[in-house]
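Examination of the molecular architecture
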Amino acid sequence: MSEPQNPIPPLLDAYRAAVLAKDVDAFVALYDEDVEVFDAWATWSHRGRAAWRAAVAGWFGALGAGRVAVDFEDVRSALAPGLAVVHAFARYAEIDAAGARLRSMDNRFSAVLRQREGGWRIVHEHTSAPIAGDSMKAMLQR
């Protein structure tokens, strides 16, 4: 009997591609209708795909002509029937129209995926950065 295919690598590839293309529909399609997202920016929680779509549309729209390249490092996952968990370090690098990197930030990234009709979807995502005790500012570089 063969091992089930790990859904994490194709999901992370689709995440990278959708962000780089600023494709709101492709990005949001990775998420379950009832997703809960704890994002590192501005809002404590985005509950449901519609709320997350609005946040993503705002993010991609704010980039103007720039784009964001995402790299995942130290990716680790755990699989169970119908359920997958991933955590990694994610680097979000803004690039200009010519492909030059302008700036970047690192986040901690965790996601829980559930197998649904139609494939694997993110049901919970959490991104964060540690806070420096002396300055109380987010540490955005590893």
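Please refer to the structure placed before this passage.
So, here's what we can say about the structure. (Residues numbered from 1 in each chain as written. Predicted model: local features only at pLDDT ≥ 70, side-chain atom pairs only at ≥ 80, totals over all residues. Heavy atoms only, no water.)

1. A word on the sheet that holds strand β6 (residues 119–128)
The strands that make up a sheet pair up through hydrogen bonds in the backbone, lying either parallel or antiparallel. Strand order across the open sheet formed by 6 strands is β2-β1-β6-β5-β4-β3, with mixed pairing between neighbours. Where the open sheet ends on each side, the last strands, each with one partner, are β2 (46–47) and β3 (67–80). Across 13 bridges, strand β4 (residues 83–95) lies against strand β5 (residues 101–116) in antiparallel orientation. Each residue of the ladder has a partner; that of A84, found in β5, is L113. The sheet contacts of helix α1 (residues 8–21) involve β1 (31–38), β3, β4, β5 and β6, and relative to β3 the element is tilted by about 165°. Seen against the sheet, helix α3 (residues 49–62) touches β1, β2, β3, β4 and β6 and runs at an angle of roughly 65° to β1. (Pairing = 2+ DSSP bridges. Helix = DSSP H or I, 4+ residues; strand = E, 2+ residues; numbered from the N terminus. Contact = heavy atoms within 4.5 Å. Axes fitted to C-alpha atoms, helices over the stretch in contact; angles between N-to-C directions.)

2. What to know about α1
Between the first and last C-alpha of α1 there are 20 Å, a value that for 14 residues agrees with the 20 Å anticipated at 1.5 Å per step. Considered for burial, the residues of α1 that qualify are I8, L11, L12, Y15, A18 and V19. Seen end-on, α1 carries its buried residues on one side only, within an arc spanning 130°. (Expected span 1.5 Å × (residues − 1). Buried < 20%, exposed > 50% of the residue type's maximum accessible area, 1.4 Å probe, protein only. Arc of directions from axis to C-beta.)

3. Points about α3
The terminal C-alpha atoms of α3 lie 20 Å apart, and with 14 residues this matches the ideal 20 Å at 1.5 Å per residue to within 8%. Along α3, the residues classified as buried are W52, V56 and F60. The buried residues of α3 occupy an angular sector of 65° when projected down its axis, which confines them to one face. Exposed and oriented more than 90 degrees from the buried face of α3 are A50, A54, G61 and A62. On the buried face of α3, the contacting elements are α1, α2 (24–28), β1, β2 and β6. Phi turns positive one or two residues past the end of α3, at G64, with a value near 60°.

4. Some words on the nonpolar core
Ranked by internal contacts, the top residues of the largest apolar core, which has 30 residues, are Y15, F27, Y31 and F109. Where this core is concerned, the elements lending two or more residues are α1, α2, β1, α3, β3, β4 and β5. No other element matches the 6 residues that α1 contributes to this core. Look past the residues within four positions of F27 in its chain and what remains in contact with it is Y15, A18, V19, W52, V56, W59 and F60. (Core = buried A, V, L, I, M, F, W, Y, C linked by side-chain atoms within 4.5 Å.)

5. Considering the pairing of β4
Relative to β4, β3 is paired through 12 bridges, and the arrangement is antiparallel. Note on β4: the bridge partner recorded for E73 is F89. Here β3 folds back onto β4 in antiparallel fashion, the turn holding 2 residues, of which G82 has a positive phi close to 80°. Hairpin remark: β4 followed by β5, antiparallel, with 5 residues in the connecting loop; positive phi at G99, about 95°.

6. A short note on the pattern of salt bridges
Any two side chains of opposite charge can pair if their charged atoms end up close together. Inspection of the entire model under this criterion finds 11 salt bridges. Between D13 and R16 there is a salt bridge whose closest N-O contact spans 2.6 Å. Note that D13 and R16 are positioned in helix α1 at a spacing of 3 residues, about one turn of the helix. Classification of R16 by relative accessible area gives partly exposed; the value is 24%. For R103, the salt bridge identified is with E94, shortest N-O distance 2.6 Å. Beyond isolated ion pairs, a larger network of salt bridges with shared partners links E73, R91, D106 and R142. (Salt bridge = Lys/Arg side-chain N within 4 Å of Asp/Glu carboxyl O.)

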